[in-house]
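Residue strings, one per chain:
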Amino acid sequence: MNLSVSSFDDLSARIAAARDAHGERFPGGAEGRQPVHTVYVPADRFSRSTPADFGAEALRLLNTHTPGAGSFGAAFGLDPELAGPVRERVAAKLAAEPVEDVRIDFEDGYGVREDAEEDAHVDQVVEAVAAAYQVKGLPHYWGVRVKSFADGGHERAMRTLDGFLTALRDRLGRLPGGFTITFPKVVTAEHVRLFVEFLDRLETSLGLPQGILRFEIQVETPQSLIDHEEDRVGLGPLVAAAQGRITAAHFGVFDYTAALGLPPHEQRLDHPACDFARHVMQVSLAGTGVRLSDGSTNVIPRNDGPDEVNAAWATHAAHVRHSLAHGFYQGWDLHPAHLPSRYAAVYAFHLSGVDDVIGRVRAWHEQAAGNASGVLDEPATIRALTARLRRAVDCGALDESVLPAS
């Protein structure tokens, strides 16, 4: 073969170096199961039975207000053919695993207390976590949210986390799996760097493996979306400052919309201003291995009346569907009433058109020339469809058998 260029070895080496550098910064999607939600519980209200209690109350509401497929479908706007299967799966989920991720909250949901009072609640939470762990009552993921470094709560945040982990080590002799720390109201990469330094010191003092303490950041300030020092948009500087410890970025609806000056009645998850923030999060974190989570709905039933419950369900389910449509597969839940609407919306999302999804994935794996949908899928599309099936299996909407063998 005749070539005009005598040698391009130097270009090949530089191309490989650029590829490797890009791979280090963008290693791909996060591995392992992603929860569909994070349930926030104020620290002073958390007990060993809290996850099960949430499930029992959610199941009671489900059976009281939607005793059959017809009422269930009407409550959540589902196709009659879909209502029965979705309700059956939701009821089973609430009975078996109502909470996939719980965050014991020492921040906004808990408030500012005297040191002695918060210290006492730290001890109370340690006992509750230890008791739940010993009877296998902890959710798949769990953790604590500490106070922010941005508003003067930094010393209390470090004291709470130090006290919690020290007491838990002394009580159990180990850190149960699935533990995550929530680091709220991030405004600058420097706060992330300082938090990482604190975690380094904490691991050394406790004799924990280096890097085991991982955390999620809360994107709930306009400053977290823009690096004003470098005039750059995106969360890249925050991820870099975390030195591999960030597991997820969670969007904080109400602090963010309040900071923008939105009136209270417009401070809602589906406001266009929130869509902008979520899209910045998606664009800047795609391929980094950092998961995305949407925020919460603050509408809860004021009483057990059907009008109150159904109104709360309608609002919450609509917000969950908005998140799913924008590629956010996780959100926050604050009340047992949120669980039926969370799973109803998530399961309906996964089961709608699922036969077509399964057929397209199987056809591609069999290298079929075509399929019933008449779509010639790209590998990237198949990866997305397979990821959808994986999420559906992980949350209980589908059985493992739907996944392709390879």
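Looking at an unreviewed UniProt entry, one finds the chain named Aldolase, with Actinomadura monticuli as its source organism. Per UniProt, the comment on the chain under Cofactor (unreviewed entry) is "Mg(2+)".

Trainee: Would you mind showing me how to read the overall build of the chain here?
Mentor: Secondary structure summary: the chain contains 14 helices and 10 strands in total. Taking 406 residues into account, the globule formula puts the C-alpha radius of gyration at 22 Å, and the chain, at 23 Å, falls close to it. Referenced to the eigenvectors of the C-alpha coordinate spread, the extents of the chain come out at roughly 80 × 55 × 45 Å. When contacts within the chain are restricted to residue pairs at least 6 apart in sequence, those whose partners lie at least 24 apart make up 75%. Only carbon and sulfur atoms are counted for the fraction: they give 53% of the accessible area of the chain, which is about 19000 Å². Taking the average place of the 38 positive charges on the side chains of the chain and the average place of its 55 negative ones, the gap between the two points comes to 3 Å.

Trainee: Just to check I follow, could you spell out the side chain of Arg-278 for this structure?
Mentor: One can find Arg-278 in helix 10 (residues 272–285). Assessed through its relative accessible area of 0%, Arg-278 is described here as buried. Only 3.5 Å separates the side chain of Arg-278 from the side chain of His-322, close enough to count as a polar contact. Among residues more than four places away in sequence, those in contact with Arg-278 are Phe-251, Leu-269, Asp-270, His-271, Asp-294, His-322 and Phe-328.

Trainee: Please clarify how the packing of aromatic side chains should be interpreted in this entry.
Mentor: Pairs of aromatic rings are described using the distance from one ring centre to the other and the angle between the two planes. Under the definition given, this model contains 16 aromatic pairs. Here the aromatic rings of Phe-76 and Trp-313 are separated by 5.2 Å at their centres, their planes lie at 40°, and the arrangement is tilted. Placement of the pair is Phe-76 in helix 3 (residues 69–76) and Trp-313 in helix 11 (residues 306–325), with a sequence separation of 237 residues. Both residues of the pair, Phe-76 and Trp-313, belong to the buried class. Centroid distance Phe-195 to Phe-198: 6.4 Å. Interplanar angle 35°. Geometry classified as tilted. You can see Phe-195 and its partner Phe-198 sitting in helix 7 (residues 189–206), three residues apart, about one turn around the helix. On the basis of relative accessibility, which here comes to 1%, the residue Phe-195 falls in the buried class. Within the aromatic cluster, the residues linked to one another by ring pairs are Phe-149, Phe-183, Phe-195, Phe-198 and Phe-215. Above the plane of the ring of Phe-349 lies Arg-388, whose end atom (NZ or CZ) is 5.6 Å from the centre. One Lys or Arg, Arg-391, reaches over the ring of Tyr-329 and ends 3.6 Å from the middle of that ring.

Trainee: Looking at this model, I keep getting lost on the packing of helix 5 (residues 115–134) against helix 6 (residues 154–172). Mind explaining?
Mentor: Geometry of a packed helix pair, given as the angle between the helix axes and the separation of the axes. In contact at an axis separation of 9 Å, helix 5 and helix 6 are set at 35° when each is read in the N-to-C sense. Considering how the two elements wind past one another, helix 5 and helix 6 form a crossing that is right-handed. Facing helix 5, whose interface residues are Asp-115, Glu-118, Asp-119, Val-122, Val-125, Val-126, Glu-127, Val-129, Ala-130, Tyr-133 and Gln-134, helix 6 presents Arg-156, Arg-159, Thr-160, Gly-163, Phe-164, Ala-167, Leu-168, Arg-171 and Leu-172. For the contact of helix 5 with helix 6, the residue count by class is 10 nonpolar, three polar and seven charged.

Trainee: I would appreciate a short explanation of a nonpolar patch on the surface in the present structure.
Mentor: A cluster of nonpolar side chains, Phe-8, Leu-11 and Ile-15, forms an exposed patch at the surface whose accessible area comes to about 300 Å². For Phe-8, the position within the fold is in the segment before helix 1 (9–25).

Trainee: Just checking my understanding: could you explain helix 2 (residues 50–65) for this structure?
Mentor: It helps to recall that an α-helix has 3.6 residues per turn; residues three or four apart then point in one direction. Between the first and last C-alpha of helix 2 there are 22 Å, a value that for 16 residues agrees with the 22 Å anticipated at 1.5 Å per step. Residues of helix 2 that are buried: Thr-50, Pro-51, Phe-54, Gly-55, Ala-58, Leu-61, Leu-62 and His-65. End-on, the buried residues of helix 2 take up no more than an arc of 140°, which puts them together on one face. Where helix 2 is buried, its residues meet strand 1 (37–42), helix 3, helix 4 (80–96), helix 11 and helix 12 (338–351).

Trainee: Before we go on, may I ask you to explain empty space enclosed by the protein in this structure?
Mentor: A water-sized probe, rolled over the atoms, reveals where empty space remains. All told, the structure shown has two cavities of 30 Å³ or more when counted by the stated rule. Its boundaries defined by the atoms lining it, the largest cavity holds a volume of some 70 Å³. Around the largest cavity sit Gln-34, Pro-35, Val-36, Leu-324, Tyr-329, Val-346, His-350, Arg-391, Asp-394 and Cys-395, which together line it. Contributing elements (two or more residues each) for the lining of the largest cavity: helix 12 and helix 14 (379–395). Here the lining of the largest cavity gets three residues from one element, more than from any other, and that element is helix 14. Across the lining of the largest cavity, the residue classes tally to six nonpolar, two polar and two charged. For the second largest cavity, the calculated volume is near 40 Å³. Along its surface, the second largest cavity is lined by Leu-269, Asp-294, Gly-295, Thr-297, His-316, His-319, Val-320, Ser-323, Gly-331, Trp-332 and Arg-342.

Rules of the game
- Residues numbered from 1 in each chain as written.
- Predicted model: local features only at pLDDT ≥ 70, side-chain atom pairs only at ≥ 80, totals over all residues.
- Heavy atoms only, no water.
- UniProt positions renumbered as here; feature names shortened; annotations may be inferred.
- Helix = DSSP H or I, 4+ residues; strand = E, 2+ residues; numbered from the N terminus.
- Rg over C-alpha atoms; globule rule 2.2 N^0.38 Å.
- Contact = heavy atoms within 4.5 Å.
- Areas by Shrake-Rupley, 256 points an atom, 1.4 Å probe, with all protein chains shown as cover.
- Lys, Arg positive; Asp, Glu negative; His and termini not counted.
- Charge placed at Lys NZ, Arg CZ, Asp CG, Glu CD.
- Buried < 20%, exposed > 50% of the residue type's maximum accessible area, 1.4 Å probe, protein only.
- Polar contact = N/O pair within 3.5 Å; in protein donor to acceptor, adjacent residues only side chain to side chain.
- Phe/Tyr/Trp six-rings, centres within 6.5 Å; stacked < 30°, edge-to-face > 60°.
- Lys NZ or Arg CZ within 6 Å of the ring centre and 35° of its normal.
- Axes fitted to C-alpha atoms, helices over the stretch in contact; angles between N-to-C directions.
- Left-handed = near helix turned anticlockwise from the far one by under 90°.
- Nonpolar A, V, L, I, M, F, W, Y, C, P; charged D, E, K, R; others polar.
- Patch = residues over 30% accessible without salt bridge, like charges linked within 9 Å, V, L, I, M, F, W, Y side chains within 5 Å.
- Salt bridge = Lys/Arg side-chain N within 4 Å of Asp/Glu carboxyl O.
- Expected span 1.5 Å × (residues − 1).
- Arc of directions from axis to C-beta.
- 1 Å grid on protein atoms, 1.4 Å probe; cavity = no way out; pocket = protein on both sides within 12 Å on 5 of 7 lines; lining within 4 Å.
- Points joined across faces, edges and corners; volume = space filled by probe spheres on them.

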